[in-house]
Amino acid sequence: MECQWKPDEQGLQQILQLLKESQSPDTSTQRSVQQKLEQLNQYPDFNNYLIFVLTKLKTEDEPTRSLSGLILKNNVRAHYQNFPNGVSDFIKNECLQNIGDSSPLIRATVGILITTIASKGELQNWPELLPKLCLLLDSEDYNTCEGAFGALQKICEDSAEILDSDMLDRPLNVMIPKFLQFFKHSSPKIRSHAIACVNQFIISRTQALMLHIDPFIENLFALAGDEEPEVRKNVCRALVMLLEVRLDRLLPHMHNIIEYMLQRTQDQDENVALEACEFWLTLAEQPVCKEVLCGHLPKLTPVLVNGMKYSEIDIILLKGDIEEDEAIPDNEQDIRPRFHRSRTVAQQHEGGDSIEEEEDDDDDLDDDETISDWNLRKCSAAALDVLANVFRDDLLLHILPLLKELLFHPEWLVKESGILVLGAIAEGCMQGMIPYLPELIPHLVLCLSDKKALVRSITCWTLSRYTHWVVSQPPDTYLKPLMTELLKRILDSNKRVQEAACSAFATLEEEACTELVPYLAYILDTLVFAFGKYQHKNLLILYDAIGTLADSVGHHLNKPEYIQMLMPPLIQKWNQLKDEDKDLFPLLECLSSVATALQSGFLPYCEPVYQRCVNLVQKTLAQTVLHQNQPEFYEAPDKDFMIVALDLLSGLAEGLGGNIEQLVARSNILTLMYQCMQFSPQDKMPEVRQSSFALLGDLTKASFQHVKPCIANFMPILGTNLNPELISVCNNATWAIGEISIQMGSDMQPYVPMVLQQLVEIINRPNTPKTLLENTAITIGRLGYVCPQEVAPMLQQFIRPWCTSLRNIRDNEEKDSAFRGICTMITVNPGGVVQDFIFFCDAVASWVNPKDDLREMFYKILHGFKNQVGDDNWRRFSDQFPLPLKERLAALYGV
């Protein structure tokens, strides 16, 4: 009965009229079409009309018929479960009948419709679909075969998991061998579909494919020289994935595969070249890379270097011919969302400070991120970067001769690519580059004033990759000229150059730290001038450069003349921005760094800033509660506002110290913080808790009298958050417990059982990040310092990892209190340290300048141990020490 369905002529005309109107560019027409479509969805057979126009109404033009099918696809996506049986059967039937339509556009539309129905869980309820499509592959009619393959390719892309599960009786056992037969088909389009279908099952190591892996690889090799670019692209894509999952099967052919990929990376078709170039990126991650690739470096290096030139299309997209655009406002679509990095509390190490897990990725190869799509230039540069890290200076042999030619080339395009090469190898080949840098850095500084904006911007990036070396040389030689030129580029008349210069300057600030203090007035002058000059997007990067400057020079920024320059423009922006404006994020982050650096210098500005942060937290919490109670009426708030506000409050507490006390007294921040700390562990935003624990620790240090009454409420929450799965939350909770212990003293006693067991488990856990280990050790030490009787009995369970994690951090207050704690516990339970005493000796020796009374504690414990075991045993024991440790303990403690 379904197949007899006939449209009503008047209804059909009405729908055709709508389809015509919806192709109009006018937005108000578009809107009324949307409304009419919604109304028509009330009629059960509306969808029959849509499929009828797509498959039966051959008199209509193809765009209209295709549009009808796409509207039907949207209806399937939204309402399929409500389609009456008759309607869904009619649609399925029509699809299978017309998959071989003579028009490629209609075939593709029917294929999209089929995969949409299939992915609505209908592969189970449409058992004839896959057998029928596979049968149609054998059709003599090209259109039918191509249409069926197109549909199968889409199903393989959308439903790969279900196809390889028991739900469907494993159709792939039939489908994959079937697809492999078509690798040799006479039509390029069909060959391409066939490879694309099989490619969907490589990464998941689907059993049905693994059984046929050898014929698959043989077939790929047979297609290596195919004249159709789409086929070559799919062959390259397959080989790149096989490199990850079945390297064992490729190894015997590796020499030929590499030769082949070298050719393809130079393919005339850029899409093929890009797919092939991915091969080098993937190979670099494999342990065999060095062994299989070293003989090919002389050929590969020039190919990658050559791929790093801008293509003509890149230059058009980049508007590379427009040199001055600083007055043109930004297109709001181009401004990427920024992610706030929540506050993590970390220890400082000998030789500079770094947080291990939070590797900064600011200097990745995204110098031209506005064409955000991945292209051959970026892929070649990324490949060179990773290969430089694999081969180190061996790569330089092949790069240096090329570089000489490129860097001094008269054509700007070639010279630009040379500068990019120099930046790409910076990390991997740094050692080998050092002899050339005294000549290269001044050359690059000259390139900063090149007449082409694209040369100036790439030079900023490349120089930022060498700042570590620049800063290690006498400042007048390279640092001063580099800084002077970079500051000029921050005020460039080209927006891309401004952006590159600002980012490069932020990297320079991180490396140079206090080396920049003599030039502060000059630096601030430039940054403040840029405030009035920048368009929207670069303003956000400027905030970051100012924040990084504050982090790098610290309290040196706290001079009245600097504050006078810097604060007015920041506060002016602060007053302009509404509470809902996402630009507050980078501004709040920036102010947080500035407040921490200025310390008391920030006092005149702190009240309005503090108030607004508290309001942001309060607003967000209120909105969250509304959303939880009535999700249909209130949308979930953007929790980032609250997280950034909590972090700025931490910055204020750290910078102002005791001066924040009146502000805390006059606000409900502790109640709000208590609510933030209770964001359930199921909540998708652990950063809310992460930031509230950081603030708790900072407020504990700055004005404990206000925190103390709430400790009984806070401690159980801190205990439940000592879960190392969420590293940063756990880290900040641990640190806060340590700060609270110091303030509470012996009153901490009732709370020790809530946290001690978890802390001991964390410090013994394998693969725990260094920052978390250090903070855990400090907190255990501090708990033991204030409650030795409670903690000392566990000494043996943690003394060894405790000593190894604290030997590398700098002498500071936190290390001091932790070691006092460990000494006190050893006095209470000397037996707990006996087996691991060598580790304790090593940790003691890590102190450069302990305070006198702490040195006295070390002396007593070391001599007590020596006297206990007697001279002979001590000699035998201390003979196991490495020589530097032996000498150090003898010199400092006379043992």
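Attention in this report is confined to the structure presented alongside it. (Residues numbered from 1 in each chain as written. Predicted model: local features only at pLDDT ≥ 70, side-chain atom pairs only at ≥ 80, totals over all residues. Heavy atoms only, no water.)

1. Describing the overall build of the protein chain
Phase 1 of the analysis: Each helix and strand counted, the protein chain has 50 helices and 0 strands in total.
Phase 2 of the analysis: Across its three principal axes, the protein chain shows a C-alpha extent of roughly 100 × 70 × 65 Å.
Phase 3 of the analysis: Evaluated residue by residue, the protein chain yields a buried proportion of 56% over its 895 residues.
Phase 4 of the analysis: Put simply, of all contacts in the protein chain between residues at least 6 apart along the chain, 75% involve residues at least 24 apart.
Phase 5 of the analysis: As displayed, the protein chain has an accessible area near 39,200 Å², and 51% of this comes from carbon and sulfur atoms.
Phase 6 of the analysis: Here the protein chain contributes 78 positively and 123 negatively charged side chains, and the mean placements of these two sets differ by 1 Å. (Helix = DSSP H or I, 4+ residues; strand = E, 2+ residues; numbered from the N terminus. Buried < 20%, exposed > 50% of the residue type's maximum accessible area, 1.4 Å probe, protein only. Contact = heavy atoms within 4.5 Å. Areas by Shrake-Rupley, 256 points an atom, 1.4 Å probe, with all protein chains shown as cover. Lys, Arg positive; Asp, Glu negative; His and termini not counted. Charge placed at Lys NZ, Arg CZ, Asp CG, Glu CD.)

2. Focus: the packing of helix H33 (residues 584–598) against helix H35 (residues 640–656)
Phase 1 of the analysis: As a packed pair, H33 and H35 sit with axes 7 Å apart at the nearest point and diverge in direction by 10°. The angle between the axes of H33 and H35 places the two elements in the roughly parallel class. Contact residues: Leu 584, Phe 585, Leu 588, Glu 589, Leu 591, Ser 592, Ala 595 and Thr 596 in H33; Asp 640, Phe 641, Val 644, Asp 647, Leu 648, Gly 651, Leu 652, Glu 654 and Gly 655 in H35.
Phase 2 of the analysis: When grouped by side-chain class, the residues that make up the contact of H33 with H35 number 9 nonpolar, 4 polar and 4 charged. (Axes fitted to C-alpha atoms, helices over the stretch in contact; angles between N-to-C directions. Parallel < 35°, antiparallel > 145°, perpendicular 65-115°, else oblique. Nonpolar A, V, L, I, M, F, W, Y, C, P; charged D, E, K, R; others polar.)

3. Here we look at the side chain of Asn 731
Phase 1 of the analysis: Along the polypeptide, Asn 731 turns up in helix H41 (residues 727–744).
Phase 2 of the analysis: If we ignore the near neighbours within four places in the chain, the residues touching Asn 731 are Thr 344, Val 345, Thr 771, Leu 772 and Asn 775.

4. A look at the packing of aromatic side chains
A ring pair, where both rings are aromatic, is described by two values, the distance of the centres and the angle of the planes.
Phase 1 of the analysis: Overall, the coordinates contain 22 aromatic pairs when judged by the stated rule.
Phase 2 of the analysis: Note on Trp 469 and Tyr 478: the rings are 4.9 Å apart at their centroids and 45° apart in plane angle, and the pair reads as tilted.
Phase 3 of the analysis: Relative accessible area serves as the criterion here: at 8%, Trp 469 is assigned to the buried category.
Phase 4 of the analysis: You can call Tyr 478 buried: its relative accessible area is 12%.
Phase 5 of the analysis: Ring geometry for Phe 837 and Phe 865: centres 3.7 Å apart, planes at 10°, overall stacked. Taken together, the positions of Phe 837 in helix H47 (residues 837–845) and Phe 865 in helix H48 (residues 852–869) put the pair 28 residues apart, joining distant regions of the chain. (Phe/Tyr/Trp six-rings, centres within 6.5 Å; stacked < 30°, edge-to-face > 60°.)

5. Comments concerning the environment of Val 609
Phase 1 of the analysis: The topology assignment puts Val 609 in helix H34 (residues 603–629).
Phase 2 of the analysis: A relative accessible area of 0% places Val 609 in the buried class.
Phase 3 of the analysis: Note: C-alpha distance between Val 609 and Ser 592 (17 residues apart in sequence) is 10.0 Å.
Phase 4 of the analysis: If we ignore the near neighbours within four places in the chain, the residues touching Val 609 are Trp 574, Phe 602, Leu 648 and Leu 652.

6. With respect to helix H22 (residues 393–407)
Phase 1 of the analysis: Where H22 bends most, at Ile 399, the angle is about 45°, and the proline Pro 401 comes one to four residues later.
Phase 2 of the analysis: Along H22, the residues classified as buried are Leu 395, Leu 396, Ile 399, Leu 400, Leu 403, Leu 406 and Leu 407.
Phase 3 of the analysis: On its buried face, H22 sits against helix H19 (297–307), helix H21 (376–391), helix H23 (412–424), helix H24 (430–433) and helix H25 (437–447). (Bend = angle between axes of the 7 residues up to and from the residue.)

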